[in-house]
Structure formats: C-alpha cells, structure tokens
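So you can see what is in the structure, the chains are spelled out below.
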Amino acid sequence: MATSTIVARPLPVLPEGWSAEKDFKPIGSITASTQRTIEPVGPHFLAHARRARHKRTFSEDDR
Amino acid sequence: MTEKGAGQLGVSPSDRCAIGISFGNSYSSIACTIDDSPVVIANEDGDRQIPTILSYVDGEEYTGNQAKAMLIRNPKNTVISFKDFLGQEFKSIDPTHCHAAAHPQDANGTVSFTIQDKVEGEPPSTLSVKEISTRYLRRLLQSASDYLGKKVTSAVITVPTNFTESQREALIRAANDAELEVLQLINEPIASVLAYDARPEAKLEDKIIVVADLGGTRSDVAVVASRGGLYTILATAHDYEFAGVHLDTVLMDHFAKEFMKKNPNVDPRGNARSLAKLKAESEAAKKALSIGTNASFSVESLADGIDFQTTINRLRYETIARKVFEGFNRLVEGVIKKAGLDVLDIDEVILSGGTSHTPRIANNFRAIFPETTSIQAPATSATAINPSELQARGAALQASLIQEYESDDIEQSTHPAVTTVKHITNAIGVISLSGDGEEIFTPIIAPETAVPARRTVHIAAPENGGDVLVKITEGGTHIKVTKPEPKPKENGEKEGEDEDEDDSDFDSEEEEEEHREKIWKIGTTLAEAAVRDVKKGGKVEVTINVAGDLAVTITTRAVGGKGGVRGTLPAP
Ligand SMILES: Nc1ncnc2c1ncn2[C@@H]1O[C@H](COP(=O)(O)OP(=O)(O)OP(=O)(O)O)[C@@H](O)[C@H]1O
Ligand SMILES: [Mg+2]
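None of these values were measured; they are calculated from a predicted model.

## Observations concerning the environment of Leu214(B)
Residue and element names in this part refer to chain B.
In step 1: Tracing the backbone through its elements, the reader meets Leu 214 in strand S13 (residues 207–214).
In step 2: Between the C-alpha atom of Leu 214 and that of Thr 355, which follows or precedes it by 141 residues, the distance is 5.3 Å.
In step 3: Aside from chain neighbours lying at most four places away, what touches Leu 214 is Ser 219, Phe 328, Leu 351, Ser 352, Gly 353, Gly 354, Thr 355, Ser 356 and Ile 361.

Written as structure tokens, this is what we have:
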C-alpha cells in the first residue's frame, strides 16, 4: 500500500547511552501465526496472486 | 478452489461477455458493470429481485414474479426453493419450503421434481434439481443478454460459505448446461464486502467486518478481516430458523386471526389456495412495512369467497415479530464470539439480503454495537447500498476484474498454494507516548493480517525533535470493563451477593451501565532503532514488512530526511 497512516501520539526520546550497531537492535521474532485462506476476490487479491506466482516482493512490484 | 473440474465450459477471453449472478433460494439477481460501476439488471418484467421460481402452464415456461403468481393457481407445476438442493443427496435435504409447491423426490439419490412441463395430455417429466437450475439460469442469461444486446457467455456466481464441493460442482454443471461459463464461484459475504469497497469514495482501511446476510429461507453471518484489501473469513454461522419466511409466517398468523375475528369458522390457513394468497399478501405487507409505518393487507376472496381488507402498523409488526428479530441478534453475537472477538472489535456491519431492509433489525444491531461501529443498512446509514443488490454487484465487479484472464490463470490464482497463507496472530506496532508520558502500543500491522504484508506509518517525533527511539513490539487487546461504584446497601451486604427477597424495595436495579473499552497492551519487544537529529516538529516514518515466512524488515527515517535505519528480524 502506498498510503501511510498518521499517528499523532509522539515517539519517546532516545534514552541516554542507547547504542546499537547501525542504530538497529534486533531483539525478537514474531511469536505466532495461523494458516488461513484469503478470499480470491478483488483487485488487491489479484496483485497478491501476481506477486505470489511470480515470486515478487512488494518493492519489486512497486517498480 | 477446485471447482474448475474436467469438462468446464471454456470461453476465450476475447469472446467473453461476463456478468455477475446472485442465485438465491428465494430471489436471484443479475448485474453487469458499466464503466467499472456495477448495475443490477431488470428482467423483462422490470424486476431486479427475480424470484427463483420456475413454473409451467400448458407447456409454457414462466420464471420470476410471473412464476410466483402461479403458486396460487398451479402450485404442483411450480418449483421453488431448490437452489440449496444442488449437489445434495435426497436424504440430506430439508424440503420444508417446498411444501406449497412441487415436492422434491428421490430419483436414484438425486433430488428431482415431477412436473407437467408440456401441454396437458403428455406425460409429466421428472427433472433433476440440476436440470431445473439450468432452465432457470438460462432465463436469467436471456434477460441479461437482452439488456446488454449481446450474448452473455460467462459469469461469476455467488455461493453461501458453507456450499460444499459437490454443491459447487453441481452448480457449475448446471450453468455449463445452460451454455454459461463459470469464471469463478465466490463467497456471498465477500461479494457484499467488495460491493462496498469498490465504491469510488471507499478508503482502503484495515477493518473487521461482520456481514449479516438475512435472506428468505436462511440467514448467514460471516466475520471478515479486511487487511490491505485482502479478505479473510474468520468465522461463519448459518441459521435456518430465523429468516424472511419466518417473518412472513408471523404476519400470516396475524392476518389469519384478524380474518377469523370476523369469520370465526373459516381459517385461511386451512386450504392450500387461501394459504398461498395469505402468504403472497403477507410478504407484500412485510416489504411495505420496511418503507412505511403502515401497510395494508387486501385479498379478494381470501377464503370461502370472502374478501378481506385490513392494515397493520410497524409497531404492531415489530411486537409480533420480536422473537425472529431476536434470533438475528443472537446469530450475530454468536459468530463474533466464535471468531474470538468482541463487539468492540467490529468496525463495520454490512447488512445484505432482502430481509435486511427491515428497519427494526438494523436498529437492533445499532444497539448491540458501540457507536464507533458503522451499521450499513438503509435504516441506519444514508449511504448504504441496497442490501438486495450487494451480492450481484460484487459478483459483477469480480467478473469484470477477471474476465480478461485465461481460465487457466484464474484457476492457478485461486489455488490453495496462492490463497492459503500465514496470518499474524498479534498486532505489530510501535511504542509511543500518551499525554501523561505513559508508554502505549500503537498498531502498525493489525492482527489477522495475511503475509507477505507491508505497512507504513508517520509518527510525530518528540516536541523538540532530536534523537528518537523507535521501539517495535507485538501487541494484543483486552476489553477493560469499568463497573460503576457499587452502591452500599442499608443492611451492609455487598451488591451481587445472594439475592434477598426483600431486596426488591430498593432501587438498586437502576444500576448504571458498565463501561467497556478496548485497550492495547504491549507484547514482546521485536526491535529497537534510533532515528537521529529529527527536526523540531518533525515526523518519523516507520515501515514494517513481514515476509511470507514471517521474517521482518523494519525501515525508519525522519520524514523528509536522508538515510535512515534498516534492520531485519529472522523468521521464527
Ligand atoms: N423491502 C423488504 N423488506 C423486508 N423484507 C424483504 C424486502 N425485500 C425482500 N425481502 C425479503 O427478503 C427475503 C429474500 O431475501 P434475498 O433476496 O436475500 O433472498 P435469497 O438469498 O434468495 O434467500 P434464501 O437463499 O435465504 O432463501 C424474502 O423473505 C423477502 O420477502
Ligand atoms: Mg441469499
């Protein structure tokens, strides 16, 4: 999706002494997921199917 | 989906003329798109809700309202309420609704009807439900072809979410026999959602939708997660005890009793012809009560040659039909529970199906859900789409989307390898600060989002800018219930303890309503990142990309700034 949501509540200030390689600190992984079926209907599904069948990512799709 | 079995009629994309069809047990509709917007087509009688009825008189075939009128004169050769029988064995069908028309029978396990479809004197025909469906669909196609001025070749048809594989196959074969290529069978609630989402003014938003399809002989409800325009059904429920015909019955009993007040010994429910008249006029009165606050009921020679005329007002109707209306409420509440959700999780309720025109039903839903839930029905929203047209519109939209594809392409795209994917269970979001400086979870990707998924948000930086912490976590919701302070009682007992008979003098029944709200709670931390030197009053962009294997890529930067931070988290 090209659109982005706007959040008014502000981010916190970086704590004193915080540091990480390239300013990014990986901590965990996503904990759970379920297999479900998406409905093969609508324009966004067609885009999903195109990406899935051609093994393309979102950014490749954007180009 | 595997409905494209061997032998499916194929039409090449360049030769196609495609429409959408909603094929119900009670009514059907046909629709096409004109300049990408759906149009429901009126048949030769001018009807857009075409009764799903086939009738024969002197070898002449009738459908729609003309066939419906035959229920009074010629019920034996009139086939009604047959669609759900497709692909079912005789022993598993419920023939209740065929009582006052041609009766389904068992012909070697398949459901059939014996009717006189030729001129008197010829032997009657025993026709399978598939053949009946073919004949009916042929008539729908004819109406659509007449309207479009060219032969319709193909269609997307809507089906209930609990339509079995064998019902799907039988429907496709019935359509093929009518020289109709089935581009795709799509789920009815999803067609309704698509009809709303395809409106030019619709915004692409992640939301949880309840689709309540209240029809003639069945009510079907689905909870749908809509995420970036992808739809996932989370739960469904089906009910055959509370639907349009049960409202007809309430009115039939009411009018019969009114009639019998004047004619004590004549029950119009006592003979088939009177009953058919009573039913037809009761349904008409019911529809009138959706628009007006009064409806008249008038039948010539209702029973024993006696004419009958009366009126009913909406309030009276709503009183006598309360049980049925409450059935709809329970059905909707039940399916939300089945999905593991709360009414506070529901962003939108779409009412579809003819019965959804009833104001009381929509108003009851309005009362069940919080104010933030939009209730899409004529009675509760000025911009609601006609609930009787939603499925046909959605089917027509889907037909126009896929008609240029080769049937192989459609088949491959609808294959489980493409449609069955991981969905994240918890939300993924960022920590921001509330007014009093407390850490709060702000969702970026909603729970039940199919992956791969990508979402971007822009978040305010701290007031004075500078270096900013972007902390990405999982999040979940819980419902916070705030009970009003219990009023102390004179005898010192706490409220809620064993009921005492002499309690009834107190006005404690007038309890304030408890307040329920949905609260996000912060889950496990996934990553932290620093965005440096953000300008005063600036914003920070955060993009989260979850791959098909649940590996996560996070990118963040100051909006308008250069560079930025990018990092990845491994798949679990
Ligand atoms: N304006 C209206 N007000 C109230 N009820 C209506 C109205 N219009 C149609 N109905 C009722 O809606 C029902 C038909 O619903 P729908 O058109 O969704 O049929 P369907 O999908 O074929 O039904 P099913 O398959 O459940 O039998 C009928 O009971 C009809 O009387
Ligand atoms: Mg229906």
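## Some words on the site of ligand 1
Residue and element names in this part refer to chain B.
In step 1: In the vicinity of ligand 1 there are 18 residues, among which Ser 26, Thr 217, Glu 283, Lys 286 and Ser 290 approach most closely.
In step 2: Here an oxygen atom of ligand 1 sits 2.8 Å away from a polar atom, N or O, in the main chain of Tyr 27.
In step 3: Interatomic distance of 3.0 Å between a backbone N/O atom of Arg 218 and an oxygen atom of ligand 1.
In step 4: The protein chains hide 90% of the 650 Å² of surface that ligand 1 would expose on its own.
In step 5: In terms of residue count, helix H6 (residues 272–291) provides more of the shell around ligand 1 than any other element does, four residues in total.
In step 6: Considering only residue class, the shell around ligand 1 consists of one nonpolar, 13 polar and four charged.

## Details of unusual backbone geometry
In step 1: That bond from Val451(B) to Pro452(B) is cis: its omega, 0°, falls within 30 degrees of zero.
In step 2: Mapping Pro452(B) onto the fold places it in the loop between strand S22 (439–445) and strand S23 (453–460).
In step 3: In this structure, Lys22(A) is a non-glycine residue whose phi angle is positive, near 55°.
In step 4: By the element assignment, Lys22(A) lies in the loop between strand S1 (5–7) and strand S2 (24–26).
In step 5: One non-glycine residue, Asp58(B), lies in positive phi territory at about 50°.
In step 6: The topology assignment puts Asp58(B) in the loop between strand S5 (53–57) and strand S6 (60–63).

## Some remarks on the interface of chain A and chain B
In step 1: At the junction of the two partners, chain A supplies 47 residues and chain B supplies 80 residues.
In step 2: Of the roughly 5900 Å² buried between chain A and chain B, counting both surfaces, carbon and sulfur atoms make up 61%.
In step 3: On the surface where chain A and chain B come into contact, there are four salt bridges.
In step 4: Across the pair Glu528(B) and Lys25(A) runs a salt bridge, and its minimum N-O distance is 3.8 Å.
In step 5: Here chain A and chain B share 33 residue pairs in polar contact (both at pLDDT 80 or more) between them.
In step 6: For the side of chain A that touches chain B, the secondary-structure elements that each account for two or more residues are S1, S2, strand S3 (33–37), helix H1 (43–53) and helix H2 (58–62) of chain A.

## Some thoughts on the domain arrangement of chain B
Residue and element names in this part refer to chain B.
In step 1: Domain assignment breaks chain B into domain 1 (13–188 + 390–419), domain 2 (201–242 + 325–376), domain 3 (244–322) and domain 4 (427–478 + 518–569).
In step 2: Here domain 2 and domain 4 have C-alpha centroids that lie 31 Å from each other.
In step 3: At the junction of the two partners, domain 2 supplies eight residues and domain 4 supplies eight residues.
In step 4: Across the domain 2/domain 4 interface, buried area totals approximately 630 Å², and carbon plus sulfur atoms make up 49% of it.

## Structural notes on the packing of helix H5 (residues 244–262) of chain B against H6(B)
All names here are of chain B.
In step 1: Contact geometry of H5 with H6 gives a least axis separation of 8 Å together with a crossing angle of 110°. Compared by their axis directions, H5 and H6 come out roughly perpendicular. The interaxial crossing formed by H5 with H6 has right-handed handedness. Here Gly 244, Val 245, Leu 247, Asp 248, Leu 251, Met 252, Phe 255 and Ala 256 of H5 come into contact with H6, specifically with Leu 275, Leu 278, Lys 279, Ser 282, Glu 283, Ala 285 and Lys 286.
In step 2: A per-class count over the contact of H5 with H6 returns nine nonpolar, two polar and four charged.

## Describing the nonpolar core
Residue and element names in this part refer to chain B.
In step 1: Counting 48 residues, the largest nonpolar core has Leu 351, Phe 365 and Phe 369 as the members making the most contacts within it.
In step 2: Inspection of this core shows a minimum of three residues originating in each of domain 2 (201–242 + 325–376) and domain 3 (244–322).
In step 3: Once residues lying within four places of it in the same chain are set aside, the contact partners of Phe 369 are Val 332, Ile 336, Val 343, Ile 346, Val 349 and Ile 375.
In step 4: Core analysis: the second largest hydrophobic core is formed by 42 residues, Phe 23, Phe 85, Ala 102 and Leu 171 among them.

So, how was this worked out
- Residues numbered from 1 in each chain as written.
- Chains lettered and ligands numbered in written order.
- Predicted model: local features only at pLDDT ≥ 70, side-chain atom pairs only at ≥ 80, totals over all residues.
- Heavy atoms only, no water.
- Helix = DSSP H or I, 4+ residues; strand = E, 2+ residues; numbered from the N terminus.
- Contact = heavy atoms within 4.5 Å.
- Near = heavy atom within 4 Å.
- Polar contact = N/O pair within 3.5 Å; in protein donor to acceptor, adjacent residues only side chain to side chain.
- Areas by Shrake-Rupley, 256 points an atom, 1.4 Å probe, with all protein chains shown as cover.
- Nonpolar A, V, L, I, M, F, W, Y, C, P; charged D, E, K, R; others polar.
- Buried area = accessible area lost by both parts, 1.4 Å probe.
- Salt bridge = Lys/Arg side-chain N within 4 Å of Asp/Glu carboxyl O.
- Domains from an automatic or database assignment.
- Axes fitted to C-alpha atoms, helices over the stretch in contact; angles between N-to-C directions.
- Parallel < 35°, antiparallel > 145°, perpendicular 65-115°, else oblique.
- Left-handed = near helix turned anticlockwise from the far one by under 90°.
- Core = buried A, V, L, I, M, F, W, Y, C linked by side-chain atoms within 4.5 Å.
- Buried < 20%, exposed > 50% of the residue type's maximum accessible area, 1.4 Å probe, protein only.

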